[in-house]
Amino acid sequence: MTELLERYLERFGENFPIFALAGLDDRQIEALLRQALETGELFRPSDPGEDALY
């Protein structure tokens, strides 16, 4: 996964928001990274809403 995270940073100039995906396993996160790299679109996690507790 480290390589994918580095590629994401190089391509988009910002870190992948892995902190927002705490409920996903590595395989699921890697799939999201690959999708972003293949499509050329930044990954944006959905907004949890103003009532969300962190």
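One can find the structure itself at the top, above this paragraph.
What you are looking at is a predicted structure, and each value in this text was computed from that prediction instead of being measured.

Caption draft 1: Local environment of the packing of helix H1 (residues 2-12) against helix H2 (residues 26-39). Interaxial distance between H1 and H2 falls to 10 Å at its minimum, and their mutual angle equals 30°. Considered as vectors, H1 and H2 are oriented roughly parallel to each other. Crossing angle aside, the handedness with which H1 passes H2 is left-handed. From H1, Leu4, Leu5, Arg7, Tyr8, Arg11 and Phe12 reach across to H2, where they touch Glu30, Leu33, Arg34, Ala36 and Leu37. Grouping the constituent residues of the contact of H1 with H2 by class yields 7 nonpolar, no polar and 4 charged.

Caption draft 2: Highlighting the pattern of salt bridges. The full count for this structure, using the stated rule, is 2 salt bridges. The closest approach of N and O atoms between Glu14 and Arg44, which form a salt bridge, is 3.1 Å. A residue pair is termed long-range when its members are at least 10 positions apart, and Glu14 in the loop between H1 and H2 and Arg44 in the segment after H2 qualify at 30 residues. Judged by relative accessible area, which is 29%, Glu14 ranks as partly exposed.

Calculation rules
- Residues numbered from 1 in each chain as written.
- Predicted model: local features only at pLDDT ≥ 70, side-chain atom pairs only at ≥ 80, totals over all residues.
- Heavy atoms only, no water.
- Axes fitted to C-alpha atoms, helices over the stretch in contact; angles between N-to-C directions.
- Helix = DSSP H or I, 4+ residues; strand = E, 2+ residues; numbered from the N terminus.
- Parallel < 35°, antiparallel > 145°, perpendicular 65-115°, else oblique.
- Left-handed = near helix turned anticlockwise from the far one by under 90°.
- Contact = heavy atoms within 4.5 Å.
- Nonpolar A, V, L, I, M, F, W, Y, C, P; charged D, E, K, R; others polar.
- Salt bridge = Lys/Arg side-chain N within 4 Å of Asp/Glu carboxyl O.
- Buried < 20%, exposed > 50% of the residue type's maximum accessible area, 1.4 Å probe, protein only.

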